[in-house]
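Close look at the chain arrangement
If you want the building blocks of each chain, they are given just below.
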Protein chains: 2
Amino acid sequence: MKLYNLKAAPNPRRVRIFLAEKVIAVPLVEIDLAKGENRTPEFLAKNPLGLLPVLELDDGSVITESVAICRYFEEQQPTPPLFGATLLERARIEMWNRRAELEVMLPLIDHFVHTHAFWQGRRLQSAEVGELARDTALKRMAWLDAELAAREFLAGERYSMADITLQCALLLGKNTGAPIPETLTHLSRWFAAVTARPTARA
Amino acid sequence: MKLYNLKAAPNPRRVRIFLAEKVIAVPLVEIDLAKGENRTPEFLAKNPLGLLPVLELDDGSVITESVAICRYFEEQQPTPPLFGATLLERARIEMWNRRAELEVMLPLIDHFVHTHAFWQGRRLQSAEVGELARDTALKRMAWLDAELAAREFLAGERYSMADITLQCALLLGKNTGAPIPETLTHLSRWFAAVTARPTARA
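Not measured: the values here are computed from a predicted model.

As for the overall build of chain A
A count of helical and extended segments in chain A gives seven helices and four strands. Moving toward the C terminus, one meets the helices and strands of chain A in the order β-α-β-α-β-β-α-α-α-α-α. For 202 residues, the compact-globule estimate of 2.2 N^0.38 gives 17 Å, and the C-alpha radius of gyration of chain A, at 17 Å, lies within 12% of that figure. Considered along the principal axes of its C-alpha atoms, chain A spans approximately 45 × 45 × 25 Å. Restricting to contacts in chain A with at least 6 residues of sequence separation, those with at least 24 account for 61%. Averaging the locations of the 25 positively and 25 negatively charged side chains of chain A gives two centres separated by 2 Å.

See the structure below:
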């Protein structure tokens, strides 16, 4: 088994943190985007989208998509439960994981792609679309701040996959000009707590 | 139990088709966006994002996000399995479901929002961004066409959640100026087959 990895990107980080929380060791294979290693015929045969992470099983089967990879390990090793221990808890964690991804991570990626110098000439950029995406992300952060006033973690009283997704999203925002506003004290408290976990730097 | 529904939108349709495939009856409550029924204090207490669908359980618990709702029913009634029957099948279906959503549905929604008259004055529109989103969706359709040359359904030989997501995405594209190109014969064959299922009009 191998996990094809990209050190600085939010999605491979989700899987690395998840595996660290489970104390599961999977050999990493680093892929260098600057050298185009995600565009070689060998890599595209594993994932035609050229995206990371990619999990390759010993029989050559390939699983892509961070949440699919994490859930694969959750089923094999349910403890500690990061997708929930009961039916309703699992539904809530999936709901919050999707909200963190669709409502926070995607706008922050849009903001990054549309406004950052790194993407000039690589992708179509619209400063207006980038600013709108940032505004959306900031509104969602204010919403999550209110939610986190009432509980310790995003989906309840236990750290879960939803927290992993949100912390990776907000770390991207922090590094690309869309940090958590200081006025959002509950979200800031939560972010300080989750990023202080020993697994956060996995 | 109630399912708050929006007839013409792709995400509520995913849940309705899923429930029809499972032969599970849930009372629907229609929400009228034109009347702002998704923006009332009562509705926003259920989903602060104002989005549909929303599942309300008999104890008042709320689950939003179409995939979270579907998986909740899958756990309660595993037959027929729409998220997969084995560990590897479940991983593949989740992978393909996410690819259908992130790589096809989201660009088609972007194209719709950025180019359609319905959204004029309601959302920031960039014709350039809309066209780029359409180009992305068309590239992904070509990729899926090649994938579907080798198998009957998106994630294997059995109809699954991934097919439901893709058919709802491509129906949106068909209705908003981004239909499947006729040259994509495998994808067109698949689309004709899944939309001919009795559940497609649920």
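Don't stop here, the text continues.
What about helix α1 (residues 10-22) of chain A?
Here α1 of chain A spans 19 Å end to end across 13 residues, near enough to the 18 Å set by a 1.5 Å rise per residue. Among the 13 residues of α1 of chain A, eleven are classified as buried, and the element is accordingly described as predominantly covered. Pro10, Pro12, Arg13, Arg14, Val15, Arg16, Ile17, Phe18, Leu19, Glu21 and Lys22 of chain A are the residues of α1 of chain A that are buried. Buried residues along α1 of chain A sit against β1 (2-5), β2 (28-30), α3 (66-76), α4 (87-115) and α6 (161-175) of chain A together with α4 (87-115) of chain B.

Focus on the relation of the copies chain A and chain B
Superposing chain A onto chain B takes a rotation of 180° combined with a translation of 0.0 Å along the rotation axis, leaving an RMSD of 0.0 Å. This pairing of chains is accounted for by a two-fold axis. Interface residue correspondence from chain A to chain B reaches 100%, placing this contact among same-surface, isologous pairings.

A few points about the packing of helix α1 (residues 10-22) of chain B against helix α6 (residues 161-175) of chain B
Each pair of packed helices can be summarised by the angle the axes make with each other and by the distance between the axes. Residues and elements named next belong to chain B. Viewed as axis vectors pointing N to C, α1 and α6 meet at an angle of 140°, and their least axial separation amounts to 9 Å. By the angle class used here, α1 and α6 are oblique. Our pair here, α1 against α6, has a crossing hand that is right-handed. Contact with α1, carried on its side by Pro10, Arg13, Arg14, Ile17 and Phe18, involves Met161, Ile164, Thr165, Gln167, Cys168, Leu171 and Leu172 of α6 and no other residues of that element.

Notes on the interface of chain A and chain B
Facing 40 residues of chain A, the contacting portion of chain B comprises 40 residues. Taken together, the two surfaces of chain A and chain B that pack against each other cover about 3500 Å², and 62% of this comes from carbon and sulfur. Our count for the chain A to chain B interface comes out at eight salt bridges. Taken together, chain A and chain B are joined by 14 residue pairs in polar contact (both at pLDDT 80 or more). When contributions to the side of chain A that touches chain B are tallied by element, the ones reaching two or more residues are β4 (62-64), α3, α4 and α5 (127-148) of chain A. The dominant element in the side of chain A that touches chain B, judged by the number of residues it contributes, is α4 of chain A, at 14 residues. For the side of chain A that touches chain B, a count of residues per class yields 19 nonpolar, seven polar and 14 charged.

Observations concerning the sheet that holds strand β1 (residues 2-5) of chain B
All names here are of chain B. As summarised here, the arrangement of the four strands in space is β2-β1-β3-β4, forming an open sheet in which the pairing is mixed. The strands lining the two open edges of the sheet, one partner per strand, are β2 (28-30) and β4 (62-64). The mean inter-strand angle of the sheet, taken between neighbouring strand axes irrespective of direction, is 25°. Relative to strand β3 (residues 54-56), β1 runs antiparallel, the two being bridged by three bridges. Among the inter-strand pairings, Leu3 is bridged to a residue of β3, identified as Leu55.

What to know about the nonpolar core
Judged by nonpolar contacts, the single largest core of 107 residues is most densely connected at Leu170 and Leu187 of chain A together with Leu170 and Leu187 of chain B. Those residues in contact with Leu170 of chain A that sit more than four places away from it in its chain are Val104, Leu108, Met141, Ile180, Leu187, Trp190 and Phe191 of chain A.

A short note on the packing of α5 of chain A against helix α7 (residues 185-195) of chain A
All names here are of chain A. Look at α5 against α7: their axes get within 7 Å of each other, and the N-to-C directions meet at 80°. Classified by the interaxial angle, the pair formed by α5 and α7 is roughly perpendicular. Counting all contacts with α5, which are made through Met141, Leu144, Asp145 and Leu148, the residues of α7 involved are Thr185, His186, Leu187, Arg189 and Trp190. Per-class residue counts for the contact of α5 with α7 are five nonpolar, two polar and two charged.

Things to note about the sheet that holds β1 of chain A
All names here are of chain A. Taken together, the four strands give an open sheet; going across it, the order is β2-β1-β3-β4, and neighbouring strands pair in mixed fashion. Of all strands in the sheet, those with a lone pairing partner are β2 and β4, marking the two edges. Geometrically, the sheet is characterised by an average inter-axis angle of 25° between neighbouring strands, direction not taken into account.

Thresholds, definitions, all that
Residues numbered from 1 in each chain as written. Chains lettered and ligands numbered in written order. Predicted model: local features only at pLDDT ≥ 70, side-chain atom pairs only at ≥ 80, totals over all residues. Heavy atoms only, no water. Helix = DSSP H or I, 4+ residues; strand = E, 2+ residues; numbered from the N terminus. Rg over C-alpha atoms; globule rule 2.2 N^0.38 Å. Contact = heavy atoms within 4.5 Å. Lys, Arg positive; Asp, Glu negative; His and termini not counted. Charge placed at Lys NZ, Arg CZ, Asp CG, Glu CD. Expected span 1.5 Å × (residues − 1). Buried < 20%, exposed > 50% of the residue type's maximum accessible area, 1.4 Å probe, protein only. Least-squares fit on C-alpha atoms with pLDDT ≥ 70 in both. Axes fitted to C-alpha atoms, helices over the stretch in contact; angles between N-to-C directions. Parallel < 35°, antiparallel > 145°, perpendicular 65-115°, else oblique. Left-handed = near helix turned anticlockwise from the far one by under 90°. Buried area = accessible area lost by both parts, 1.4 Å probe. Salt bridge = Lys/Arg side-chain N within 4 Å of Asp/Glu carboxyl O. Polar contact = N/O pair within 3.5 Å; in protein donor to acceptor, adjacent residues only side chain to side chain. Nonpolar A, V, L, I, M, F, W, Y, C, P; charged D, E, K, R; others polar. Pairing = 2+ DSSP bridges. Core = buried A, V, L, I, M, F, W, Y, C linked by side-chain atoms within 4.5 Å.

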